[in-house]
Amino acid sequence: MTNKQPDREPDGQFDTFQTWINKATSWIGGTNPACFDAKGRRCRIGGDFMRARDEGTFPVYYWFGAGDQTPAQQRKGQRVARKRRWA
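Position labels on residues start from 1 in each chain and follow its written sequence. Where totals are concerned, whole chains, interfaces and linings use all residues; where local detail is concerned, this predicted model gives features only for residues with pLDDT of at least 70, and gives and counts side-chain atom pairs only at 80 or more. To obtain the side-chain values, all non-hydrogen atoms of the structure were included, while hydrogens and water were left out.

K.L.:
Give me the state of the cysteines: which residues, what numbers.
P.N.:
For the purposes of this analysis, a disulfide is any pair of cysteine sulfur atoms at a distance within 2.5 Å. For the structure on display, the rule yields 0 disulfides. Here Cys35 stays free of any disulfide, with the sulfur of Cys43 as its closest cysteine sulfur at 6.8 Å.

K.L.:
Lay out the packing of aromatic side chains in plain terms, naming residues and giving numbers.
P.N.:
Only Phe, Tyr and Trp rings are paired, with Trp represented by its six-membered ring, and only when their centres lie within 6.5 Å; those with planes under 30 degrees apart are stacked, over 60 edge-to-face, the remainder tilted. All told, the structure shown has 7 aromatic pairs when counted by the stated rule. Considering the side-chain rings of Phe17 and Phe58, the 6.4 Å spacing of their centres and the 85° angle between planes classify their relative orientation as edge-to-face. Here the residue Phe17 occupies a position in helix H1 (residues 17–28), and Phe58 occupies one in the loop between helix H2 (46–55) and strand S3 (60–63), the gap between them amounting to 41 residues. In this pair, the class of Phe17 matches that of Phe58, namely buried. Judged by centre distance (5.5 Å) and plane angle (65°), the ring pair of Tyr62 and Phe64 falls under edge-to-face. An aromatic cluster is defined as three or more aromatic residues linked by ring pairs; in this entry it consists of Phe14, Trp27, Tyr62 and Phe64. Looking at Arg53, its charged tip hangs above the ring of Phe17, at a distance of 4.5 Å from the centre. Helix and strand definitions follow DSSP, with helices as H or I runs of at least four residues and strands as E runs of at least two, each counted in order from the N terminus. Exposed residues in this analysis have more than 50% of their type's maximum accessible area, buried residues have under 20%, and partly exposed residues fall in between, with area computed by a 1.4 Å probe over protein chains only. Placement of a charge over a ring requires the Lys NZ or Arg CZ to be within 6 Å of the ring centre, with the centre-to-atom vector within 35 degrees of the ring normal.

On their own, these measurements won't tell you what the molecule is for.
Take a look at the structure:
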């Protein structure tokens, strides 16, 4: 697990908390990205994104292929994402 931002340009960003709510699944769902707020803090769960909203540290940037999930966790996340699309 790493709390260091990758040394390359981010693959994308969520400009606001509402954009994260509306687009996270379709933009990054099941891809195991690394997300960091504008202060460089890791955002893993909803509470981290809420902190970024409350403290005004959006945008939150994301990098594909830089997450820290195990392969089993990635597969589970992909299954859950597929189920959500069909629900």
